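# Fold and contact review
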Amino acid sequence: METTTVVAADAPNYAQILGIEPGMVVQELGWDEDTDDSLREAVEIIIGGEMEDEGTDEVVDVVLLWWRDGDGDLVDELMDAITPLGDEGFVWVLSPKTGLSGHVVPSEIAESAPTAGLNQTSAANLGDWSGSRLVQPKSRAPRR
């Protein structure tokens, strides 16, 4: 018997907000007891399976990095996060909103991204979490 997961009609479509589409390979880093299960579930429903963990050998389309104040050096973590990332891939840094335990000031993400070779492109409201989308700069074609 096949089981179907039903998401409430009024639930935010987190996977759509994050730009995650069916068939994408998504890696999840920094999971802990405080992560948002509804966000995780929405992503896994869209991709049709479980997210990859930090030990994956797969090339990934998206990295979801749960990041809290006190988790360590964000630049180092971002450098590790982009290792399996495909050319068109992107990273979402997910951090608790202002006023919640583990909140990260947005300037920390904004300052860490370029040091890790990434550009911040957008932000998202994800319930109790905020997301910052980071991409690798496009390489310029050689001039002729």
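Heads up: these notes are all about the structure in this document. These figures come from a predicted structure and were not determined experimentally.

Let's shift gears to the packing of aromatic side chains. The tally for this structure, following the rule as stated, stands at one aromatic pair. Residues W66 and W129 carry aromatic rings whose centres are separated by 4.7 Å and whose planes lie at 80 degrees to one another, so their mutual orientation is edge-to-face. With W66 in strand β2 (residues 60-66) and W129 in strand β5 (residues 129-135), this residue pair connects regions lying 63 residues apart in the sequence. For the pair formed by W66 and W129, the shared burial category is buried.

Tracing the chain through its elements places V25 in the loop between α1 (14-17) and β1 (26-29). For the pair V25 and V62, spaced 37 residues apart in sequence, the C-alpha separation works out to 6.6 Å. Those residues within four positions of V25 in sequence are excluded, and the remaining contacts are E52, E58, V59, V60, D61 and V62.

As enumerated under the stated definition, the model contains three salt bridges in all. Among the ionic pairs, E28 bridges to R40, the shortest N-O distance being 2.6 Å. Taken together, the residues E28 in strand β1 and R40 in helix α2 (residues 37-47) connect sequence positions 12 residues apart. Each of the two residues, E28 as well as R40, counts as buried. The structure contains a network of salt bridges with shared partners spanning D34, R68 and D71.

Rules used throughout
Each chain has its residues counted from 1, following the order in which its sequence is written. Local features in a predicted model are, by the rule used here, given only for residues with pLDDT of at least 70; side-chain atom pairs are given and counted only at 80 or more, and totals for whole chains, interfaces and linings are based on all residues. Hydrogen atoms and water are omitted, and side-chain values are computed over all heavy atoms in the structure. Only the six-membered ring of Trp is used, alongside the rings of Phe and Tyr, when aromatic pairs are assigned; centres must lie within 6.5 Å, and planes under 30 degrees apart are stacked while those over 60 apart are edge-to-face, with the rest tilted. Numbered from the N terminus, helices here are DSSP runs of H or I no shorter than four residues, and strands are runs of E no shorter than two. Burial classes follow relative accessibility: with a 1.4 Å probe on protein chains only, a residue under 20% of its type's maximum area counts as buried, one over 50% as exposed, and anything between as partly exposed. Contacts were defined at the residue level, with two residues in contact if any of their heavy atoms lie within 4.5 Å. For this analysis, a salt bridge means a side-chain nitrogen from Lys or Arg found within 4 Å of a carboxyl oxygen belonging to Asp or Glu.

Honestly, that's just the spatial picture; any functional story needs more than this.
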